[in-house]
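# Architecture at a glance
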Amino acid sequence: MAILRLTIGNIKIFVIQVHAPTSDSAEEEVDLFYDMLDNLLSSKTTGEKVIIFGDFNARIGKSKLGENRTNGIYGVGVRNERGEKLLDFALCNNLKIMNTFFEGNGMDHQTERRNTREEEPELRVPDILEQEIKQAIKQLKKNKAPGDDDITNEVIISGLDVLMSTIKLLFSKILKEKRVPSA
């Protein structure tokens, strides 16, 4: 797991990137994964928005009656045990499983837009470049007190290689959607 705490204006964001144990892993390993994730979530501060993304190695499947608090109507296939565990975790922590709220995947939406002549072409917002992120982080001053997130600039600088894909994904999403994602 990797974490990143950001403050953008007056919005605090707690980002957690995960890769859950695979289906070949022992149940104890899966339980340990969720315990670690639960411990991370317990460090969330009041008002902080949470984004957890990555591979949970779980299949949510189609929604069942009454489950729309946590997952949407666009689940695919049949739920497995790991999917049940993920849904329970999401429900207990008041989280949403966002990919079940959107029909198809990103590629399907792109194909639909290209093949529909009636729609106006969308303005393409380019992804943020790794070079832009590196340049911004190089400008951080060392030996400064941490912000509200308690992350020093030295931590950000030293963790850049690990955090790069997470930072790039998050900021590209913010640029495209013109808003900070909410929990």
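Residues numbered from 1 in each chain as written. Predicted model: local features only at pLDDT ≥ 70, side-chain atom pairs only at ≥ 80, totals over all residues. Heavy atoms only, no water.

Before going further, it helps to spend a moment on the overall build of the protein chain. Within the protein chain one finds six helices and three strands. In the protein chain, the succession of helices and strands from N to C terminus is β-β-α-β-α-α-α-α-α. By the burial criterion, 31% of the 183 residues in the protein chain qualify as buried. For the protein chain, restricting intrachain contacts to residue pairs at least 6 apart in sequence, the fraction spanning at least 24 positions comes to 62%. Total accessible area computed for the protein chain in this model is approximately 12700 Å², and 52% of it derives from carbon and sulfur atoms. (Helix = DSSP H or I, 4+ residues; strand = E, 2+ residues; numbered from the N terminus. Buried < 20%, exposed > 50% of the residue type's maximum accessible area, 1.4 Å probe, protein only. Contact = heavy atoms within 4.5 Å. Areas by Shrake-Rupley, 256 points an atom, 1.4 Å probe, with all protein chains shown as cover.)

Before going further, it helps to examine the confidence of the model for the protein chain. Looking at the protein chain, the pLDDT average stands at 80 and 83% of residues meet or exceed 70. The weakest mean pLDDT in the protein chain belongs to helix α3 (residues 106-115) at 39; the strongest belongs to helix α1 (residues 27-42) at 93. Counting contacts from residues 106-121, a segment whose pLDDT is below 50, to residues more than four positions away or on other chains yields three contacts. (pLDDT = per-residue confidence, 0-100.)

Empty space within the second largest pocket amounts to approximately 360 Å³. Surrounding the second largest pocket, 21 residues form its lining, L6, I137, L140, I156 and F171 being those nearest its centre. Contributing elements (two or more residues each) for the lining of the second largest pocket: β1 (2-8), α4 (130-138), α5 (153-158) and α6 (160-177). In terms of residue count, the dominant contributor to the lining of the second largest pocket is β1 (five residues). Partitioned by chemical class, the residues of the lining of the second largest pocket number 14 nonpolar, four polar and three charged. (1 Å grid on protein atoms, 1.4 Å probe; cavity = no way out; pocket = protein on both sides within 12 Å on 5 of 7 lines; lining within 4 Å. Points joined across faces, edges and corners; volume = space filled by probe spheres on them. Nonpolar A, V, L, I, M, F, W, Y, C, P; charged D, E, K, R; others polar.)

Quick look at the side chain of E48 now. Inspection of the secondary structure puts E48 in the loop between α1 and β3 (49-55). Judged by relative accessible area, which is 5%, E48 ranks as buried. For E48, the residues in contact, after removing those within four places along its chain, are R5, K12, I13, F14 and S43.

To continue, consider the sheet that holds β3. A sheet is described by the order of its strands in space; here three strands give the open sequence β1-β2-β3, paired in mixed fashion. The open sheet has two edge strands, β1 and β3, and neither has a second partner. The average undirected angle you get between the axes of adjacent strands in this sheet is 20°. Inspection of the sheet shows strand β2 (residues 11-19) paired to β3 by seven bridges, in the parallel sense. Bridge pairing in β3 links V18 to G54. Lying on the sheet, α1 is in contact with β1, β2 and β3; it crosses β2 at an angle near 170°. Its contacts with the sheet put α6 on β1, β2 and β3, and the angle it makes with β1 is roughly 40°. (Pairing = 2+ DSSP bridges. Axes fitted to C-alpha atoms, helices over the stretch in contact; angles between N-to-C directions.)

Time to look at the packing of α1 against helix α2 (residues 81-92). Between α1 and α2, the least distance of the axes is 12 Å, while the angle of their chain directions is 20°. The pairing of α1 with α2 is recorded here as roughly parallel in orientation. Judged by the sense of rotation from one axis to the other, the crossing of α1 with α2 is right-handed. Along its contact with α1, which presents E27, V30, D31, Y34, L37, D38 and L41, the element α2 presents R82, K85, L86 and F89. Of the residues belonging to the contact of α1 with α2, the class tally is six nonpolar, no polar and five charged. (Parallel < 35°, antiparallel > 145°, perpendicular 65-115°, else oblique. Left-handed = near helix turned anticlockwise from the far one by under 90°.)

Applying the stated criterion across every chain, the model contains four salt bridges. Put simply, E48 and R5 hold a salt bridge, and the shortest N to O gap is 2.9 Å. Of this pair, E48 sits in the loop between α1 and β3 while R5 is found in strand β1, placing the two residues 43 residues apart along the sequence. The two residues E48 and R5 agree in class, both being buried. Taking the shortest distance from any N to any O, the salt bridge between K85 and D31 comes out at 2.8 Å. Highlighted residues: K85 in helix α2 and D31 in helix α1, separated in sequence by 54 residues. For K85, a relative accessible area of 25% gives the class partly exposed. The exposure class of D31 is partly exposed, given its relative accessible area of 31%. (Salt bridge = Lys/Arg side-chain N within 4 Å of Asp/Glu carboxyl O.)

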